[in-house]
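Listed here are the chains, written in short residue letters.
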Amino acid sequence: MKKFQEILKKEKYKKIKFKVSKTQHLIVKATINGIKGNFILDTGASNSCVGFESIELFQLTAGKSKTKAAGAGATGMFTQIAKNNKLQLGRWKESEFHLVIFDLSHVNLALKQYNAKPVHGIIGADILLQGKAIIDYYNHCLYLK
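Here's a quick rundown of the structure. Sequence positions are assigned chain by chain, starting from 1 and proceeding in written order. Only residues with pLDDT of at least 70 get local features here, since the model is predicted, and only at 80 or more are side-chain atom pairs given and counted; chain-wide, interface and lining totals rely on the full set of residues. Each side-chain value is derived from all of the structure's non-hydrogen atoms; neither hydrogens nor water enter the calculation.

Buried residues of nine kinds, namely Ala, Val, Leu, Ile, Met, Phe, Trp, Tyr and Cys, make up a nonpolar core once their side-chain atoms join them within 4.5 Å. Throughout this description, buried means an accessible area under 20% of the type-specific maximum (1.4 Å probe, protein chains only), exposed means over 50%, and partly exposed covers the range between. Counting residues in each nonpolar core, the largest one holds 24 residues, and the members touching the most others are Ile32, Leu87, Leu89 and Ile123. Only runs of H or I of at least four residues qualify as helices and only runs of E of at least two qualify as strands under DSSP, and these elements are numbered from the N terminus. Counting residues per element, the ones that place at least two in this core are strand E3 (26-32), strand E4 (35-41), strand E7 (74-89), strand E8 (92-102), helix H3 (125-130) and strand E11 (141-144). If near-sequence neighbours (up to four positions away) are discounted, Ile123 is found in contact with Val28, Ala30, Phe39, Ile40, Leu41, Asp42, Ser48, Leu87 and Leu89. With 12 residues, the next largest nonpolar core counts Ala45, Cys49, Val107 and Ile122 among its residues. Here, two residues are considered to be in contact whenever any of their heavy atoms come within 4.5 Å of each other.

Next comes the structure, spelled out in structure tokens:
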């Protein structure tokens, strides 16, 4: 495993630790526009997103979106978009980051029912693909290039 980590380091991958919640979700800390938050790392989510309640917190400029969101147990949800934000996961940074904004209350309600901490949003496949993500489940690490 040491060699694997050395190879990734040589390839300029950044190591980001994550935790596994009581609900078996992967939780990663991220900074958006300089403000820290907790996010679910979701390989099945097409886009990264935050809840409407986090617009002010992350200093987002929400704009109109024609897209309707769908997720576990919900479809056709109203969305907005926030363009050109700064995202940081560990030492990995993206300065032209777009976020989908939608109602995450159903996600946080489900987490609350299991006494798990609420999240501010989801890190999805848009970031994972852009960062050429490698997830090391055993060591609870995400690697982004």
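Still more to cover.
Here we come to the pattern of salt bridges. The working definition used for a salt bridge is a side-chain nitrogen of Lys or Arg within 4 Å of a carboxyl oxygen of Asp or Glu. Applying the stated criterion across every chain yields a total of one salt bridge. Across the salt bridge formed by Lys145 and Glu11, the nearest N and O atoms sit 3.6 Å from each other. On the criterion of sequence distance, the pair formed by Lys145 in the segment after E11 and Glu11 in the loop between helix H1 (2-10) and strand E1 (14-17) is long-range, its members being 134 residues apart. With relative accessibility at 42%, the residue Glu11 sits in the partly exposed group.

Just geometry here; none of it tells us what the structure is for.
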